[in-house]
Amino acid sequence: MGAWHNVVIIGGGGAGLRAAIAVAEANPKLTVAIVSKVYPMRSHTVSAEGGAAAVAGDDDSMDEHAYDTVSGSDWLCDQDAVEAFVVEARKEMLRLEHWGCPWSREQDGRIAVRAFGGMKKKRTWFAADKTGFHLLHTLFQTALSYTDIVRYDEWFVTKLLVHDGRVRGVVAVELATGRVETIVADAVIVCTGGCGRVFPFTTNANIKTGDGMAVAYQAGAPLKDMEFVQYHPTGLPFTGILITEAARAEGGRLLNKDGYRYLQDYDLGQPTDAPVLRSMELGPRDRLSQAFVHEMAKGRTAETEAGHVVHLDLRHLGEKLIDERLPFVRELCASYQNIDPVHELVPVRPVIHYMMGGIHTDINGATPMTGLYAAGEVACVSINGANRLGSNSLPELLVFGARAGRAVAEFVATVPGAATAPVLAQGRDEEHRLERELSERQRSDGERIADIRTEMQETMEAGAGIYRDEASLTKALDKLSELKTRFAHASMDDASRTFNTELIAMLELSGMLDVASCIVASGLRREESRGAHQRTDFPDRNDEKYLAHSVISRKPDGEWRVEYLPVTITRWPPGERVYGR
Amino acid sequence: MPETITIEVWRYRPEQDSEPAWDSYEVPLRKEWAVLDGLNHIKDQLDGTLSYRWSCRMGICGSCGMTVNGEPKLSCSTFLTDYAPGPVRVEPMRNFPVIRDLVVEMGDFMAKLPTVKPWLVSGDDEPDEDAEYLQTPVEMDDYKRYSMCINCMLCYSACPVYALDPEFIGPAAIALAQRYNLDSRDAGAEDRRDVLASAEGVWACTFVGECSVACPKDVDPAGAIQRYKLTAATKAVKDLLLPRGAR
Ligand SMILES: Cc1cc2nc3c(=O)[nH]c(=O)nc-3n(C[C@H](O)[C@H](O)[C@H](O)COP(=O)(O)OP(=O)(O)OC[C@H]3O[C@@H](n4cnc5c(N)ncnc54)[C@H](O)[C@@H]3O)c2cc1C
Ligand code: SF4
Ligand code: FES
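In this text, all values refer to a predicted model and were calculated from it rather than measured experimentally. (Residues numbered from 1 in each chain as written. Chains lettered and ligands numbered in written order. Predicted model: local features only at pLDDT ≥ 70, side-chain atom pairs only at ≥ 80, totals over all residues. Heavy atoms only, no water.)

Thoughts on the overall build of chain B
Then, in step 1: When its secondary structure is counted, chain B shows nine helices and seven strands.
Then, in step 2: Here the C-alpha coordinates of chain B stretch approximately 70 × 40 × 30 Å along the principal axes.
Then, in step 3: Out of the 247 residues in chain B, the part that is buried amounts to 54%.
Then, in step 4: Considering only contacts in chain B between residues 6 or more positions apart, those separated by 24 or more positions represent 64%. (Helix = DSSP H or I, 4+ residues; strand = E, 2+ residues; numbered from the N terminus. Buried < 20%, exposed > 50% of the residue type's maximum accessible area, 1.4 Å probe, protein only. Contact = heavy atoms within 4.5 Å.)

Observations regarding the site of ligand 1
All names here are of chain A.
Then, in step 1: Surrounding ligand 1, one finds 39 residues, the nearest of these being S43, H44, T45, G51 and E377.
Then, in step 2: One of the backbone N or O atoms of V38 is found 3.3 Å from an oxygen atom in ligand 1.
Then, in step 3: Within the backbone of G50, an N or O atom sits 2.8 Å from an oxygen atom of ligand 1.
Then, in step 4: With the chains in place, 99% of the 1,000 Å² that ligand 1 exposes on its own is no longer accessible.
Then, in step 5: Counting only elements with at least two residues in the shell around ligand 1, the list comes to helix 1 (14-26), strand 2 (32-36), strand 7 (155-163), strand 15 (346-355) and helix 10 (393-414). (Near = heavy atom within 4 Å. Polar contact = N/O pair within 3.5 Å; in protein donor to acceptor, adjacent residues only side chain to side chain. Areas by Shrake-Rupley, 256 points an atom, 1.4 Å probe, with all protein chains shown as cover.)

Points about the domain arrangement of chain B
Residues and elements named next belong to chain B.
Then, in step 1: Taken as a whole, chain B is organised into domain 1 (4-104) and domain 2 (107-246).
Then, in step 2: The interface is formed by 14 residues belonging to domain 1 together with 14 residues belonging to domain 2.
Then, in step 3: Taken over both partners, the interface formed by domain 1 and domain 2 buries close to 1,000 Å², and the fraction arising from carbon and sulfur atoms is 65%.
Then, in step 4: Contact with domain 2 buries surface across domain 1, with P72, N95 and F96 losing the most and accounting together for 49% of the total.
Then, in step 5: Between domain 1 and domain 2 we count zero salt bridges in total.
Then, in step 6: Counting across the domain 1 and domain 2 interface gives five residue pairs in polar contact (both at pLDDT 80 or more).
Then, in step 7: Broken down by secondary-structure element, the contributors of at least two residues to the side of domain 1 that touches domain 2 are strand 3 (65-68) and strand 4 (71-74).
Then, in step 8: Grouping the constituent residues of the side of domain 1 that touches domain 2 by class yields seven nonpolar, five polar and two charged. (Domains from an automatic or database assignment. Buried area = accessible area lost by both parts, 1.4 Å probe. Salt bridge = Lys/Arg side-chain N within 4 Å of Asp/Glu carboxyl O. Nonpolar A, V, L, I, M, F, W, Y, C, P; charged D, E, K, R; others polar.)

Overview of the packing of helix 1 of chain A against helix 4 (residues 131-144) of chain A
Pairs of packed helices are described in terms of their axes, by the angle between the two and the distance that separates them.
Residues and elements named next belong to chain A.
Then, in step 1: It is the contact of helix 1 with helix 4, at a shortest axis distance of 10 Å, that shows an interaxial angle of 30 degrees. Accordingly, the angle class assigned to the pair helix 1 and helix 4 is roughly parallel. The crossing of helix 1 and helix 4 is left-handed. In this structure, helix 1 contributes G14, L17, R18 and I21 to the contact, and helix 4 contributes L136, L139, F140, T142 and A143.
Then, in step 2: A per-class count over the contact of helix 1 with helix 4 returns six nonpolar, two polar and one charged. (Axes fitted to C-alpha atoms, helices over the stretch in contact; angles between N-to-C directions. Parallel < 35°, antiparallel > 145°, perpendicular 65-115°, else oblique. Left-handed = near helix turned anticlockwise from the far one by under 90°.)

Observations concerning the pairing of strand 3 of chain B
Residue and element names in this part refer to chain B.
Then, in step 1: Along strand 3, one buried face is formed by G65 and T67 and the opposite face, lined by M66 and V68, is buried too.
Then, in step 2: Relative to strand 4, strand 3 runs antiparallel, the two being bridged by four bridges. In the strand pairing of strand 4, G65 is matched with L74.
Then, in step 3: Looking at chain direction, strand 3 and strand 5 (residues 88-91) are connected through two bridges and run antiparallel. When the sheet's bridge partners are listed, V68 is paired in strand 5 with V90. (Pairing = 2+ DSSP bridges.)

Topic: the sheet that holds strand 3 (residues 52-53) of chain A
Then, in step 1: Strand order across the open sheet formed by three strands is 3-5-4 (chain A), with antiparallel pairing between neighbours. Across the chains shown, the open sheet's two edge strands, defined by having one partner strand only, are strand 3 and strand 4 (113-114) of chain A.

Examining the interface of chain B and chain A
Then, in step 1: Of the residues lining the interface, 67 residues belong to chain B; the matching set on chain A comes to 66 residues.
Then, in step 2: With both sides pooled, the region where chain B packs onto chain A buries about 5,400 Å², and carbon together with sulfur makes up 53% of that total.
Then, in step 3: The interface formed by chain B and chain A contains six salt bridges.
Then, in step 4: Where chain B touches chain A, the interface holds 34 residue pairs in polar contact (both at pLDDT 80 or more).
Then, in step 5: Only helix 1 (35-46), strand 6 (98-100), helix 2 (107-112), helix 3 (137-144) and helix 6 (171-181) of chain B provide two or more residues apiece to the side of chain B that touches chain A.
Then, in step 6: The element best represented in the side of chain B that touches chain A is helix 1 of chain B, accounting for four residues.
Then, in step 7: Split by residue class, the side of chain B that touches chain A holds 34 nonpolar, 14 polar and 19 charged.

Side note on the packing of aromatic side chains
Then, in step 1: For the structure on display, the rule yields eleven aromatic pairs over all chains.
Then, in step 2: The interplanar angle of 70 degrees and the centroid separation of 5.7 Å between the aromatic rings of A:Y546 and A:Y564 together place this pair among those described as edge-to-face. Separated by 18 residues along the polypeptide, A:Y546 in helix 15 (residues 543-546) and A:Y564 in strand 22 (residues 560-566) bring together distant segments of the chain.
Then, in step 3: With relative accessibility at 5%, the residue A:Y546 sits in the buried group.
Then, in step 4: What makes A:Y564 partly exposed here is its relative accessible area of 26%.
Then, in step 5: Ring geometry for B:F96 against B:Y162: centres 5.9 Å apart, planes inclined by 55 degrees, an arrangement best described as tilted. Of this pair, B:F96 sits in the loop between strand 5 and strand 6 while B:Y162 sits in helix 5 (residues 160-164), and the two are 66 residues apart along the sequence.
Then, in step 6: A relative accessible area of 9% places B:F96 in the buried class.
Then, in step 7: Through a chain of ring-to-ring contacts, the aromatic side chains of B:F96, B:F109, B:Y156 and B:Y162 assemble into a single cluster. (Phe/Tyr/Trp six-rings, centres within 6.5 Å; stacked < 30°, edge-to-face > 60°.)

Some thoughts on empty space enclosed by the protein
Residues and elements named next belong to chain A.
Then, in step 1: What the rule picks out here adds up to nine cavities of 30 Å³ or more.
Then, in step 2: Empty space within the second largest cavity amounts to approximately 140 Å³.
Then, in step 3: If you list the elements that add at least two residues to the lining of the second largest cavity, you get strand 8 (166-174), helix 11 (421-440) and helix 14 (501-525).
Then, in step 4: Considering only residue class, the lining of the second largest cavity consists of eight nonpolar, three polar and four charged. (1 Å grid on protein atoms, 1.4 Å probe; cavity = no way out; pocket = protein on both sides within 12 Å on 5 of 7 lines; lining within 4 Å. Points joined across faces, edges and corners; volume = space filled by probe spheres on them.)

Looking at the confidence of the model for chain B
Then, in step 1: Per-residue confidence for chain B averages 94 on the pLDDT scale, and 97% of its residues sit at or above 70.
Then, in step 2: Here the complex is predicted with pTM 0.97, and the ipTM for its interfaces comes to 0.96. (pLDDT = per-residue confidence, 0-100.)

Things to note about the pattern of salt bridges
Residue and element names in this part refer to chain A.
Then, in step 1: On inspection of all chains with the given rule, the structure shows 77 salt bridges over all chains.
Then, in step 2: One salt bridge in this structure joins E88 and R406, with 3.9 Å as the shortest N-O distance. With E88 in helix 3 (residues 79-98) and R406 in helix 10, this residue pair connects regions lying 318 residues apart in the sequence.
Then, in step 3: The buried category is assigned to E88, whose relative accessible area is 17%.
Then, in step 4: For R406, a relative accessible area of 39% gives the class partly exposed.
Then, in step 5: Of the charged contacts, one joins R530 and D543 as a salt bridge, the two residues approaching to 2.8 Å between their closest N and O atoms. With R530 in the loop between helix 14 and strand 20 (534-535) and D543 in helix 15, this residue pair connects regions lying 13 residues apart in the sequence.
Then, in step 6: The class for R530 is buried, based on a relative accessible area of 0%.
Then, in step 7: Using a relative accessible area of 27% as the deciding quantity, one classes D543 as partly exposed.

This is the structure:
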């Protein structure tokens, strides 16, 4: 027997919790379950530092937030989605305020906002530099007050159940016991976050392995714009820990090894003492990360044990401001780099940070598969296009988490009943498969899971990094297919059912190999440079051919197919991205 | 600096071990490596059966609490070089049932947390949905510290009261209740009172203060508890002295 709920949400991060509350509010009669591989408050949303964007001041407008987002995306976003997003972002942030989120304040008690990269106005709400932490705990604690939301904490979803073209539930493993359960549902919302861990050097937590993208892709749902992976320009070397863009918004400067503010050489404006919006250090992330690569090629970056770095200079901001607005930055630098940014330069380098692409959804989180919805970083609506602006992701997961929740509540009310026997049978098949994995991988001659994972990550960095070309992408694709073959014979040391984290790592790797292939295959097909996808063999943007979303899906024979869908343009025809001018 | 360090890990696999035992592993000693990096090295290269929780490796998700050389620590923010030349002894957090190896059962906390209603209870002064509550930075300072809790459980692991009385709702849950009680936007203090002022609430605490020493985020749960005792005591005195309507 399996469990049953009207709605199953995979993931208890910002998007999943917001969706759950939205379902509960829209129709309290529905039963909602959140299935999450970690306790919800451990989800990766907890790590977000800098802030969340929504129009706040009288000097700002919805149109300006929309325009910054559209130009930031290199025109690849859907403008109808962006227009809805900017309006609802503000509502969601206020909602969160009413739920208790400790947003930083002005002296008079109003919400404070800070500057952020690529944004022409100050509109980034923040809770010091632990915004994601406060946002997630506020959502989690608020969700506790909805006693009808059921939680499966530390359950790992391995498969979506599909019958008659409809998604009907999931199969999940309870970590503590190893028990495999079929959880039947009228609809499933995937809120599993991003996939930074397919790369070696990332700000992303260990859990960000793209599982949701993988299970959706395997079930036949298309993934959109997968070639667009964001590098953040400022990660700590060795650990990849993020130094938030807020550090630059507060006035931090990027210096090359000679102490020179090198961004001025890359069409990002001229250096000034006070930070200027949409200029220099406050340019968009894709352009800043690309500038680093050029600076390195010119031999003007500093070499360290952990690779080439530039320096982030915060010293002139002073201790008081740093402690008030960037306390976490100071804490992280002290713990992980053993330096004090009040007195010392912070070494930084670009680091994999965010996935613009994801499960293809419409503006309400619906995928082309009946009964399947997605929201948050795992989804691609798309408001982010070819490059996400910093601080747009947290509001995105609130806005589209809520939208998906409401849409699902409506869908579930109309959906006809269906037999559960065929889905339960699928669940048993999956259970048997997992049992086979556990027993058959206990062999002494196979490769280690971790070794294959490392090779995959290195392959991705070499083949699909900040700059790519046909040769690098083709090589990466070949390598990934070799790794898939080798993975089939990889072994595990651990045969037990109780909290078997090696089994989880194996299942994650299996999905990551698919997700990585989708990134590379989509990148190979897009013969232009746009936003975060830079092809040295096709250095220009080509609107005639590629002002379109790539959509990759799995064919029944296991091969993939890449197609293109039109981009929705409402009010802002494609133009040049201008920063610092 | 020596090139390697020995990590001694407390192992327990309920399906095969009748009782816990120590396993010892030699890992590279690198100056950037946290204890967690050492464990990851073991897991990836030496012994895939070792189980523990971790995720963010930046001290914010609260997953990786362990006992390191006898002290409750976040293993991602505790560095191997601080224990050189070693060995480093890693055990699960104390005061919790162990599921396996370094993984403890924290269902008890998850069940207690909702009983203190750690969410904002709005009162009559809730602004319209298109406006925010006003809250000055000074008002925020009142509760901010208690809002920093990452639910890492190190304080429970350190708490001698919780060790003896598992019914005690414990330091973090009380700190989180106070986080809302002291928030100028909240009107729920009355709703939280029965649980907080009960025998398993603040009065169970004998003010040992170990929780605040263990806390990696400077939440000061001991302070939260003391402060509530004062509130509760004042309230109790008022209840005794004043007629109902005037309380
Ligand atoms: C260091 C860092 C800083 C950031 N700072 C900012 C910022 O300042 N502003 C901003 O706007 N954005 C920021 N971002 C981006 C933003 O934090 C993320 O995009 C966002 O939090 C993702 O939220 P989510 O709800 O989609 O997913 P997550 O919070 O990642 O949650 C995913 C959930 O899915 C669950 N899950 C995953 N796989 C499975 C499975 N197989 N089975 C069951 N459950 C599963 C997990 O347990 C988890 O609960 C930052 C990102 C990073 C890495
Ligand atoms: S109060 Fe401190 S030690 Fe206790 S759970 Fe919270 S962060 Fe951890
Ligand atoms: S791994 Fe997240 S707190 Fe240590």
